[in-house]
Amino acid sequence: KLTYFDGRGRGEVARQLFHLSGVPFEDNRIPMAEWPAHKASMPFGKMPLLEVNGKPLPQSYAIFRYLAREFGFVGDSPFAAAWVDAVADQFKDYFDEIKSLLFVHFGFAQGDKEKMMKDVAIPARDKFFPMLEKIAKDNHNNGHFVGASLTWVDLLIAEHVSVLLKYMPGFLNDYPTVLSTVKKINSIPKLKEWIDKRPDSTF
Amino acid sequence: SMLRYKLIYFPIRGRGEVARQLFYLAGVPFKDDRITISEWSSLKAKTPFGQLPVLEVDGHQLAQSFAIFRYLAQEFGFAGDSPLEALWVDVTADQHKEYENKIKPALRFQGSEEEKEQLMRNVAEPARDKYFPLLEKIAEEHGSSGHFVGASLTWVDLLIAEHASILLKQFPGFLDRYPTVLAIVDAILSTPKLKEWLEKRPDTAF
């Protein structure tokens, strides 16, 4: 059972892993209005939560890594799996910098979008995406960020880039290899199937 | 050099120490490459993310401290005894990282006594009281025999014990309301091979 908001956010990669592996799961979506009551009763006070053996666990990346390992999306070797972890953690640092602007776009917060673009988003982008572009190029532009098969960091980045392109078109024009890698990931048939049929949400 | 492994980091414990401890506990030799600031300025552009620590395995670089710790822990048998245990180790480590980021401004702060008191009240104590009850709960439900998760030493044990040592050196008594955590940290630091390393490692302030 996966418990999260009725949105993609920090739960979507887990849902994608279930769908890609054909493993059924309870997609427990909590409406925003019910969240305060739930939050008070949750041991960790946050989501997503994955229930394993009846026990709920927090921490999205720990959840993604666990499911990816169970279903075969961690990478081709222990060293590749470590690289998946490294790229994900580097992405997390970048996301923490840019999320304030994204929350304004999602309607969770107020802010001056143009000022935040200049002061927050562009510096965050220009620090992280050159490194990611190099990683994709060094990986022979093969449609994955690490190794030669789909991993959970591919899903993590593709979901985020899709959000960026929706709210800030052209934002990644200087990073063509990243864009082509994301395009290839989103074209994987089983993933495309889920993307086309999943509930719509702004975030 | 015939050594498979090289850890590149500054001459401090910081975000490199857990990796050094894992090598020592596993009895695996490695090059403990403690570099200077000027060496770093020429090396920085050659690292994956422009940060340290970096682990080199047979000449291949790996970055990001937790990715490094988890990789070495899995190779050497300190990642938990099952996928579920490894999951709880990861959950605990990420919870710990979030807490450490919050309490960081209060650690090693050099300022007036009044500012220190404000940081204690407004930053350190709230961060502590949000995290340590969760850590006690995790240990009670998932750890045994002096470990936070599982019945044998894991990299999150090392991570938390190292942090607790620094924390209690600066703020003695700070964790008095968390006796379970203190007992586990004590047990970890008393592990014979780790104790050996703690006694002979280079002395640094942090």
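Residues numbered from 1 in each chain as written. Chains lettered and ligands numbered in written order. Predicted model: local features only at pLDDT ≥ 70, side-chain atom pairs only at ≥ 80, totals over all residues. Heavy atoms only, no water.

Chain B goes by glutathione transferase in an unreviewed UniProt entry, where it is assigned to Pristionchus entomophagus. On record in UniProt, under Catalytic activity (unreviewed entry), the comment for chain B is "RX + glutathione = an S-substituted glutathione + a halide anion + H(+)". Per UniProt, chain B carries the Sequence similarities (unreviewed entry) text "Belongs to the GST superfamily. Sigma family." (UniProt positions renumbered as here; feature names shortened; annotations may be inferred.)

Per an unreviewed UniProt entry, chain A goes by the name glutathione transferase and belongs to Pristionchus entomophagus. The UniProt entry for chain A carries the following comment under Sequence similarities (unreviewed entry): "Belongs to the GST superfamily. Sigma family." Listed under Catalytic activity (unreviewed entry) in UniProt, the entry text for chain A is "RX + glutathione = an S-substituted glutathione + a halide anion + H(+)".

**So, the overall build of chain A**
Tallying secondary structure elements over chain A gives eight helices and four strands in all. The helix and strand sequence of chain A, counted from the amino end, reads β-α-β-α-β-β-α-α-α-α-α-α. The C-alpha atoms of chain A give a radius of gyration of 17 Å, which matches the 17 Å a tight globule of 203 residues would have. With respect to the three principal axes, the spread of C-alpha positions in chain A is 45 × 45 × 30 Å. (Helix = DSSP H or I, 4+ residues; strand = E, 2+ residues; numbered from the N terminus. Rg over C-alpha atoms; globule rule 2.2 N^0.38 Å.)

**Description of the overall build of chain B**
Counting secondary structure elements, chain B contains eight helices and four strands. If you list the helices and strands of chain B from N to C, you get β-α-β-α-β-β-α-α-α-α-α-α. Taken against the 2.2 N^0.38 rule, which gives 17 Å for 206 residues, the C-alpha radius of gyration of chain B at 17 Å falls within 12% of a compact globule. Dimensions of chain B along its principal axes, counting C-alpha atoms only, are 50 × 45 × 30 Å.

**Digging into the UniProt feature "domain: GST N-terminal" (unreviewed entry) in chain B**
As annotated by UniProt and renumbered to match this structure, "domain: GST N-terminal" (unreviewed entry) occupies residues 3–80 of chain B. In residues 3–80 of chain B, helix accounts for 37% and strand for 22%; the two terminal C-alpha atoms are 26 Å from one another.

**As for the interface of chain A and chain B**
At the interface, 30 residues of chain A touch 31 residues of chain B. Here chain A packs against chain B, burying approximately 2600 Å² in sum over the two surfaces, 64% of which is carbon and sulfur. On inspection of chain A and its partner chain B, the count reaches six salt bridges. Arginine 70 of chain B is paired through a salt bridge with aspartate 85 of chain A; the nearest N and O atoms lie 2.8 Å apart. The interface formed by chain A and chain B includes eight residue pairs in polar contact (both at pLDDT 80 or more). At the level of elements, strand E4 (55–57), helix H3 (60–71), helix H4 (78–106) and helix H5 (113–138) of chain A are the ones that each hand at least two residues to the side of chain A that touches chain B. No other element matches H4 of chain A, which puts eleven residues into the side of chain A that touches chain B. (Contact = heavy atoms within 4.5 Å. Buried area = accessible area lost by both parts, 1.4 Å probe. Salt bridge = Lys/Arg side-chain N within 4 Å of Asp/Glu carboxyl O. Polar contact = N/O pair within 3.5 Å; in protein donor to acceptor, adjacent residues only side chain to side chain.)

**A look at the pairing of strand E4 (residues 60–63) of chain B**
Residues and elements named next belong to chain B. For strand E3 (residues 54–57) and E4, the ladder comprises four bridges, and the chain directions are antiparallel. Following the sheet pairing, valine 54 is matched in E4 by alanine 63. Connecting E3 to the antiparallel partner E4 that follows it, the hairpin turn spans two residues, and aspartate 58 within it adopts a positive phi of roughly 50°. (Pairing = 2+ DSSP bridges.)

**What to know about the sheet that holds strand E3 (residues 49–52) of chain A**
Residue and element names in this part refer to chain A. Pairing is mixed across the open sheet formed by four strands, whose spatial order is E2-E1-E3-E4. Across the chains shown, the open sheet's two edge strands, defined by having one partner strand only, are strand E2 (27–30) and E4. Between one strand axis and the next, the sheet turns by 25° as a mean value, whatever way the strands run. Looking at chain direction, strand E1 (residues 2–5) and E3 are connected through two bridges and run antiparallel. Bridging from a neighbouring strand, threonine 3 pairs with leucine 49 of E3. Across the sheet, helix H1 (residues 12–21) lies against E1, E2 and E3, angled at about 135° from E1, the strand it touches most. (Axes fitted to C-alpha atoms, helices over the stretch in contact; angles between N-to-C directions.)

**As for the UniProt feature "domain: GST C-terminal" (unreviewed entry) in chain B**
When the UniProt feature table is mapped to this numbering, "domain: GST C-terminal" (unreviewed entry) covers residues 82–206 of chain B. Taken as a whole, residues 82–206 of chain B contains 70% helix and 0% strand, while its terminal C-alpha atoms sit 33 Å from one another.

**Quick look at helix H3 (residues 65–76) of chain B**
Three- or four-residue spacings in an α-helix give side chains the same orientation, since the helix completes a turn every 3.6 residues. Residues and elements named next belong to chain B. For H3, which comprises twelve residues, the first-to-last C-alpha distance of 16 Å matches the rise-based estimate of 16 Å (1.5 Å per residue) to within 8%. The buried fraction of H3 is high, at ten of twelve residues. After H3 finishes, the residue glycine 77 shows a positive phi value of roughly 90°. (Expected span 1.5 Å × (residues − 1). Buried < 20%, exposed > 50% of the residue type's maximum accessible area, 1.4 Å probe, protein only.)

**Focus: the UniProt feature "domain: GST C-terminal" (unreviewed entry) in chain A**
The feature "domain: GST C-terminal" (unreviewed entry), as annotated in UniProt, sits at residues 77–203 of chain A in this numbering. Between the first and last C-alpha atoms of residues 77–203 of chain A the distance is 33 Å; the span itself is 72% helix and 0% strand.

**Focus: the nonpolar core**
Generally speaking, a soluble globular protein has its nonpolar side chains buried in company with each other. Formed by 145 residues in total, the largest nonpolar core has its most connected members in Ile98, Phe129 and Trp152 of chain A together with Leu22, Leu55, Leu72 and Trp155 of chain B. Ranked by the residues each element gives to this core, the list is headed by H4 of chain A, at 17 residues. In this structure leucine 22 of chain B touches Phe69, Leu72, Ala73, Phe76, Phe78, Trp155 and Leu158 of chain B, once residues within four positions along its chain are discounted. (Core = buried A, V, L, I, M, F, W, Y, C linked by side-chain atoms within 4.5 Å.)

**Remarks on the side chain of threonine 204 of chain B**
Relative to the elements of secondary structure, threonine 204 of chain B occurs in the segment after helix H8 (192–200). Reaching out from threonine 204 of chain B, the side chain makes a polar contact with the backbone oxygen of phenylalanine 206 of chain B at a distance of 3.1 Å.

**Remarks on unusual backbone geometry**
Residue proline 48 of chain A follows methionine 47 of chain A across a cis peptide bond; omega there is 5°. Tracing the chain through its elements places proline 48 of chain A in the loop between helix H2 (35–41) and E3. Each neighbour pair has its own omega, and for leucine 52 of chain B with proline 53 of chain B the value is 5°, a cis peptide bond. Among the secondary structure elements, proline 53 of chain B is positioned in the loop between helix H2 (37–43) and E3. Even without being glycine, histidine 140 of chain A reaches a positive phi, approximately 65°. Its place among the elements puts histidine 140 of chain A in the loop between H5 and helix H6 (152–167). By relative accessible area, which is 66% here, histidine 140 of chain A ends up exposed. For asparagine 141 of chain A, which is not a glycine, the phi torsion comes out positive at approximately 45°. In this fold, asparagine 141 of chain A is placed in the loop between H5 and H6. Residue asparagine 141 of chain A is classed as partly exposed on the basis of its relative accessible area, which comes to 31%.

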